[in-house]
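# Descriptive structure summary
Below are the chains, spelled out letter by letter.
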Amino acid sequence: MTILVTGATGQVGAAILDRLHGADIRALTRDPAHLGERDGVTAVQGDLTDPVSVEAALQGVDTLFLLTSVSPDEANQAMMAVNLAKAAGVRGIVYLSVSHAGRYVDTPHYASKHLVERMIWTAGLPATILRANYFMQNDLTAKDALLEGVFPQPIGKVGVAMVDVRDIADAAVAELLRRHQADAPLPASLIEVCGPEVLTAADVAAIWTDALGFEVSPGSADLGAFEAGLRDRMPAWMAHDLTRMFGGFQREGMVPAPQAVATMEQLIGHPLRRYRDFAQEAVASWRT
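All residue numbers refer to positions counted from 1 along the written sequence of the respective chain. Local features in a predicted model are, by the rule used here, given only for residues with pLDDT of at least 70; side-chain atom pairs are given and counted only at 80 or more, and totals for whole chains, interfaces and linings are based on all residues. With hydrogens and water set aside, each side-chain value is computed from the structure's full complement of heavy atoms.

On to the environment of Leu125, then. The numbering of helices and of strands both runs from the N terminus, where a helix is a DSSP run of H or I of at least 4 residues and a strand a run of E of at least 2. Looking at where Leu125 falls in the secondary structure, it is placed in the loop between helix H4 (108-123) and strand S6 (127-132). Only protein chains enter the area calculation, which uses a 1.4 Å probe; residues under 20% of their type maximum are buried, those over 50% are exposed, and those in between are partly exposed. Overall, Leu125 belongs to the buried group, its relative accessible area being 7%. Measuring from C-alpha to C-alpha, the distance between Leu125 and Pro185 comes to 9.0 Å, with 60 residues separating the pair along the chain. Residues are treated as being in contact if the distance between any of their heavy atoms lies within 4.5 Å. Setting aside anything within four residues of it in sequence, one finds Leu125 in contact with Val82, Lys86, Ile120 and Ala188.

Overall, parallel pairing links the seven strands, which are arranged S3-S2-S1-S4-S5-S6-S8 in an open sheet. Edge positions in the sheet fall to strand S3 (41-45) and strand S8 (189-193), since each has one partner strand and no second. Averaged over all pairs of adjacent strands, the angle between strand axes in this sheet comes to 20°, irrespective of strand direction. Bridging between strand S1 (residues 2-5) and strand S2 (residues 24-29) involves four bridges; their strand directions are parallel. Bridge assignment links Thr2 to a residue of S2, and that residue is Asp24. Between any two strands, at least two bridges found by DSSP are needed for them to pair. Axes, fitted as lines to C-alpha atoms, cover a helix only where it is in contact. Angles between the N-to-C directions of the axes lie from 0 to 180 degrees.

The subject of this paragraph is helix H1 (residues 11-19). Among all positions of H1, only Val12, Gly13, Ala14, Ala15, Ile16 and Leu17 are buried. Looking at the buried positions of H1, the neighbouring elements they touch are S1, S2, S3, strand S4 (61-66), strand S5 (92-98) and helix H6 (165-181).

Mapped onto the fold, Ser53 is located in helix H2 (residues 51-57). By relative accessible area, Ser53 is classed as buried at 11%. Non-local contacts of Ser53, meaning those with residues more than four positions away in its chain, are made with Gln45, Gly46 and Asp47.

Printed below as a string of structure tokens:
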């Protein structure tokens, strides 16, 4: 039997494919050429917006990693994939959701993921829901601002437990293999996927100050100005969505439950990567 990985050419999907061994692996991608050559991985052309291609990709699959990118029809894509997986007899699903999915009620992609979570729980599907915190690697998009001495992400003063994409992939692989190797479908479960420390905008700016060797200050917390800046780089609907997310960070942060770090480290078998190490790696790569 086979494991199907969606979102295979994105940063999480690619990291999963780098780590997933000991099974037949199928990767769903719009363009197989973008996947490159990977031992043990079969590229399958398809798109979560196209149920015919998803249905074909699921034939012979017993375990599914489901990731949907931020889009106006994200909930529809994910729900369709879950329905098709159930119809195809898939015995295990690992779904990448987001921390605080049910609390950021004004954030469209959070609301979409919460709807899919409810679908999984209500149907009693054999799935692991990975609720991921803010990705450390998202801050690589702020390179230009950081080199000018500003950390521009308005994450606020409450703090978020940023998680390295590599740790997300490690958690996903552990759950995929646990479900893939089980003798029977396993009950639904939920795991909070977080980093090892809760950081505010000031904390992150101080880390970049040390990594870069010059002063980095937190940027403005003005969400209106932030959204206007995003609209220069992405569709307005996405800028609106992401700004609502940062508003949630400012209101209540993204603080994990007390046991979440220990649970994650037990699952992945190593200490969680720290933001300071991520920043230092980023700066080293910028200087080569």
